[in-house]
Amino acid sequence: MNSRPIVLASASPRRSELLESAGITFVVAPADIDETPLPGEEPVDHVLRLAEEKARAAASRTEGRFFVGADTIVLCDGEIMGKPKDAADADRMLKKLSGVPHEVVTGYAVYDRERDAALSQAVRTKVFFKSLRQEEIDAYIATGCPFDKAGAYAIQGGAAHMVQKIDGSYSNVVGLPLCEVVETLRTMGALD
Ligand SMILES: Cc1cn([C@H]2C[C@H](O)[C@@H](COP(=O)(O)OP(=O)(O)OP(=O)(O)O)O2)c(=O)[nH]c1=O
């Protein structure tokens, strides 16, 4: 699908699987950046900033032409939820999400090293959780799954049964809005 080198600036195996599923050839070069929100930073500005920082950080130390970075957060009642710090934090997040619709926001950026230019976009998906029983929350946390996921859950994993419905892109919830990312790669000339 592409002859020009694409680099995925991510350590997330889910993002790799999604991009692979679109038939895109790429190499992986995770970018380790500080993901703390700036004081007063709006959620969309936050994910867009981090996505571009990840793409540019990978470009500063990896061969390639197009660099894809992404960042996913859960937005519930004004709170930006990243990954839980520990089991108590995961428990707090899941209790807050229980029975309440929330949004998953993923920002992504494609940085073209040759033109020193980036295109970015934030995609929002509404997720409706059922009311969770404490035993369900405890059992889920005991699996260890919540710890590397924004909002302490994975729609593609053990939390599938907690989700009543979604409104919007599924791949966006998993961490990369595939439809939009592929279109952006095409617009930028990264795909044949
Ligand atoms: C809500 C939700 C999030 N997630 C994941 C997507 C992201 O990998 C993670 C949010 O953390 P991110 O900081 O966006 O990404 P990451 O640290 O995993 O990877 P990298 O920064 O190297 O690209 O949560 C799921 O896998 N399923 C879900 O249902």
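Residues numbered from 1 in each chain as written. Predicted model: local features only at pLDDT ≥ 70, side-chain atom pairs only at ≥ 80, totals over all residues. Heavy atoms only, no water.

Q: Is there a simple way to think about the overall build of the protein chain in this case?
A: Each helix and strand in the protein chain was counted, giving six helices and seven strands. Going from the N terminus to the C terminus, the protein chain shows its helices and strands as β-α-β-α-β-β-α-β-β-α-β-α-α. What you see for the protein chain is a C-alpha radius of gyration of 17 Å, in line with the 16 Å of a compact globule of 192 residues. Overall, the C-alpha framework of the protein chain stretches about 50 × 35 × 25 Å when taken along its three principal axes. Here the analysis covers contacts within the protein chain between residues at least 6 apart in sequence; of these, 67% occur between residues at least 24 apart. Element-wise, carbon and sulfur atoms account for 52% of the exposed surface of the protein chain, whose accessible area totals about 8,800 Å². Both charge centroids of the protein chain, one from 22 positive and one from 29 negative side chains, sit 2 Å from each other. (Helix = DSSP H or I, 4+ residues; strand = E, 2+ residues; numbered from the N terminus. Rg over C-alpha atoms; globule rule 2.2 N^0.38 Å. Contact = heavy atoms within 4.5 Å. Areas by Shrake-Rupley, 256 points an atom, 1.4 Å probe, with all protein chains shown as cover. Lys, Arg positive; Asp, Glu negative; His and termini not counted. Charge placed at Lys NZ, Arg CZ, Asp CG, Glu CD.)

Q: I keep staring at the site of the ligand and nothing clicks. Help me out?
A: Of all residues adjacent to the ligand, which total 19 residues, the nearest are Ser10, Ala11, Arg15, Lys54 and Lys83. The contact in question runs from an oxygen atom of the ligand to an N or O atom on the side chain of Arg15, over 2.6 Å. Within the contact set of the ligand, an oxygen atom lies 2.7 Å away from a backbone nitrogen or oxygen of Ile155. Alone, the ligand offers 600 Å² of accessible surface; in the complex the protein occludes 95% of this. (Near = heavy atom within 4 Å. Polar contact = N/O pair within 3.5 Å; in protein donor to acceptor, adjacent residues only side chain to side chain.)

Q: Looking at this structure, how should I read the UniProt feature "site: Important for substrate specificity" (unreviewed entry) in the protein chain?
A: Mapped onto the present numbering, the UniProt feature "site: Important for substrate specificity" (unreviewed entry) falls at Arg14, Thr72 and Gln156. These annotated residues cover 143 residues of sequence, and their C-alpha atoms lie no more than 14.4 Å from one another, placing them together at a single site. In this structure Arg14 comes out as buried when scored by relative accessible area, which is 16%. By the secondary structure assignment, Thr72 is in strand β3 (residues 66-76). Residue classification places Thr72 among the buried positions, given a relative accessible area of 16%. Separated by 2.9 Å, the side chains of Thr72 and Arg15 make a polar contact. (UniProt positions renumbered as here; feature names shortened; annotations may be inferred. Buried < 20%, exposed > 50% of the residue type's maximum accessible area, 1.4 Å probe, protein only.)

Q: Sorry if this is basic, but what is going on with the packing of aromatic side chains here?
A: The relation between two aromatic rings is expressed through the spacing of the ring centres and the mutual angle of the planes. For the structure shown, the criterion picks out two aromatic pairs. Taking 6.5 Å as the distance between ring centres and 45° as the angle between the ring planes, the aromatic pair formed by Phe67 and Tyr111 counts as tilted. Pair noted here: Phe67 is in strand β3 and Tyr111 is in strand β5 (residues 101-112), with a separation of 44 residues, a long-range link. The exposure classification of Phe67 matches that of Tyr111, with both residues buried. Their ring planes at 65° and their centres at 4.7 Å tell us that Phe129 and Tyr153 sit as a pair that is edge-to-face. Of this pair, Phe129 sits in strand β6 (residues 117-129) while Tyr153 sits in the loop between α4 (134-142) and β7 (163-167), and the two are 24 residues apart along the sequence. Accessibility assignment for this pair places Phe129 and Tyr153 in one class, buried. We note Lys165 situated over the ring of Phe128; from NZ or CZ to the ring centre the distance is 4.5 Å. (Phe/Tyr/Trp six-rings, centres within 6.5 Å; stacked < 30°, edge-to-face > 60°. Lys NZ or Arg CZ within 6 Å of the ring centre and 35° of its normal.)

Q: Would you mind going over the pattern of salt bridges with me for this structure?
A: Two side chains of opposite charge can pair, provided their charged atoms sit close to one another. Under the defined criterion, the tally for this structure stands at 20 salt bridges. Between Arg133 and Glu136 there is a salt bridge, with its nearest N and O atoms 3.8 Å apart. Relative accessible area serves as the criterion here: at 49%, Arg133 is assigned to the partly exposed category. Glu136 gets classed as buried once you look at its relative accessible area, which sits at 12%. Within the structure, one salt-bridge network assembled from shared partners comprises Glu79, Lys85, Asp89, Arg92 and Lys96. (Salt bridge = Lys/Arg side-chain N within 4 Å of Asp/Glu carboxyl O.)

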